[in-house]
Amino acid sequence: MENALNRAEGVKKPQERRSLGSTGILVTPLCYGCASAFARDLISDDKAYALFKAAYDLGIRFFDTSVHYGKAEDRIGASLKKYNIDRNEIVISTKAGKKLVNGKWVQDINPARIKENVDMSLKRMNIEYIDVLYLHEPTVKDLTEDVFLCFDELKKAGKIRACGANTFSDDVIDHIIQTKCLDVVMLDYNIVKQNREPQIKALYEKGIGVVAGQALAESCFLWDLYQIHGKKDLWYLARTFGRKASRELYFRSRKFRFMNRLENLDGSQAALKYVLDNPYVAGASVGTVSFEHLQKNVDALNIRIPDDVRDRIKKAGKQ
Ligand SMILES: NC(=O)c1ccc[n+]([C@@H]2O[C@H](COP(=O)([O-])OP(=O)(O)OC[C@H]3O[C@@H](n4cnc5c(N)ncnc54)[C@H](OP(=O)(O)O)[C@@H]3O)[C@@H](O)[C@H]2O)c1
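Starting from 1, residues in each chain are numbered consecutively following that chain's sequence as written. Under the rules for a predicted model, residues below a pLDDT of 70 receive no local features and side-chain atom pairs below 80 are neither given nor counted, while totals for whole chains, interfaces and linings still include all residues.

Colleague: Sorry, what's going on with the overall build of the protein here?
Modeller: Only runs of H or I of at least four residues qualify as helices and only runs of E of at least two qualify as strands under DSSP, and these elements are numbered from the N terminus. Each helix and strand counted, the protein has 12 helices and 12 strands in total. We compute the radius of gyration over the C-alpha atoms and compare it with the globule rule, which gives 2.2 Å times the number of residues raised to the power 0.38. For the protein, the C-alpha radius of gyration of 18 Å lies close to 20 Å, the compact-globule estimate for 319 residues. A principal-axis box enclosing the C-alpha atoms of the protein has dimensions of 55 × 45 × 35 Å. Residues with at least 20 other C-beta atoms within 10 Å of their own are called buried, those with 12 or fewer are called exposed, and the rest are partly exposed. The C-beta atoms themselves are positioned from the backbone. Out of the 319 residues belonging to the protein, those deemed buried represent 45%. Residues are scored as being in contact if the C-beta atoms we place from backbone atoms lie within 7 Å. Pairs at least 24 apart in sequence give 74% of the contacts found in the protein among residues at least 6 apart.

Colleague: What am I meant to see in the site of the ligand here?
Modeller: In this analysis a residue is considered near a molecule or strand if the C-beta atom, reconstructed from its backbone, is found within 6 Å of that molecule or strand. The immediate surroundings of the ligand are formed by 27 residues, with Gly-33, Gly-213, Ser-219, Gly-287 and Thr-288 found nearest. Per-element tally for the shell around the ligand: the top contributor is helix 11 (residues 291–299), with three residues. The nonpolar class holds Ala, Val, Leu, Ile, Met, Phe, Trp, Tyr, Cys and Pro. Asp, Glu, Lys and Arg form the charged class, and all remaining residues, Gly among them, are polar. Split into classes, the residues belonging to the shell around the ligand amount to 10 nonpolar, 13 polar and four charged.

Colleague: Help me understand unusual backbone geometry, please; the structure alone is not making it clear to me.
Modeller: Leave glycine aside and you will find that most residues have negative phi; peptide bonds, for their part, are mostly trans. Although it is not a glycine, Asn-126 sits at a positive phi angle of roughly 55°. The partly exposed category is assigned to Asn-126, around which 14 C-beta atoms lie within 10 Å. A positive phi angle, near 45°, is found at Glu-137, a position not held by glycine. Along the chain, Glu-137 falls in the loop between strand 8 (130–136) and helix 5 (145–156).

Colleague: Explanation requested: the pairing of strand 9 (residues 160–166) in the structure shown.
Modeller: For a regular strand, the rule is simple: side chains alternate between the two faces of the sheet. Where burial is concerned, most of strand 9 is hidden: seven out of the seven residues are buried. The rule for pairing is simple: two strands pair if DSSP sees at least two bridges between them. Bridge count for strand 8 against strand 9 is six bridges, and the pairing is parallel. Residue pairing for strand 9: Val-132 is matched across the bridge by Ala-162. What joins strand 8 to strand 9 is helix 5, and the crossover it makes is right-handed. Pairing of strand 9 with strand 10 (residues 184–188) involves three bridges; the strand directions are parallel. What sits directly across from Ala-165, in strand 10, is Val-185. Looking down the strands as they point away from you, a crossover is right-handed if its path from the first strand over the helix to the second goes clockwise. In the classification by handedness, the crossover that spans strand 9, the intervening helix 6 (residues 170–179) and the parallel strand 10 is right-handed.

Spelled out as structure tokens, the structure:
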């Protein structure tokens, strides 16, 4: 707890490391999220490799992907090779519990599928082990003894170091808090989803590592969402209105439009720093395929949110 509170006094540089619960794994607070545009043909392979390297050069040592994130794992593997990056120097999380049916990934959480997904991820990234393996969006019913046994076997085989769930479900998060059945949880936490804070604290106090996914709320509250310069911007906009969960996030984010008009403060940086300032969060996963945004996100580690702005963020979160 003491470490956590010290952290809250301010992040000095991206190379800072935070403990991922009781796993013994140390992560940089900023995680480069390899979902979304990074995983798709919206950008070229070469741009993906350059983004990965830029994130690494800026001090990020935490990367998140999934077996079902399009080209992401292949691109991570190719980047590691191209730039001769020492795999042991970075933390890689990926997700399992998916099968391909007619070219579409669908839920399939069982030990055999998890093991198959893990082998596929290891092969694509050309790595020997995965630091954190999440189940992708399990239900409470998916969290069975057989699945935990499978995680133990994968740990013993040296294929994974820690197990977790990527979940945005209240019930699943509460179940994990009560049973302490997993090491790490990646959940939806951003300025719009402040209602997650009691669960985040409870997870932390149980020694479970917490990673904030969707840490910029899919940029729903930013005017940038409407700045269409190319295919990927159109894709982001279509996602916002095409997915039920993203639409809900968008409607909730309307109270945060003031973040676009802050005095001497960039709204995206303030929003990200709000997440990073939570002493119970180990890492914040943000997706970007813009070098400029990547730099801004790293710089956000060093900003201080003025008290009046923090109060406004808090107030909007309670409305
Ligand atoms: N979204 C989900 O449903 C979901 C589900 C499971 C896990 N996750 C985890 O969370 C990670 C991030 O999720 P995400 O990419 O969907 O959403 P996000 O990180 O909350 O938001 C990404 C959006 O923010 C923009 N952005 C990034 N930095 C910016 C900046 N400094 N200024 C303005 N705009 C900025 C990006 O556009 P540019 O590319 O133009 O910068 C993109 O439109 C994933 O990679 C994954 O690790 C997310």
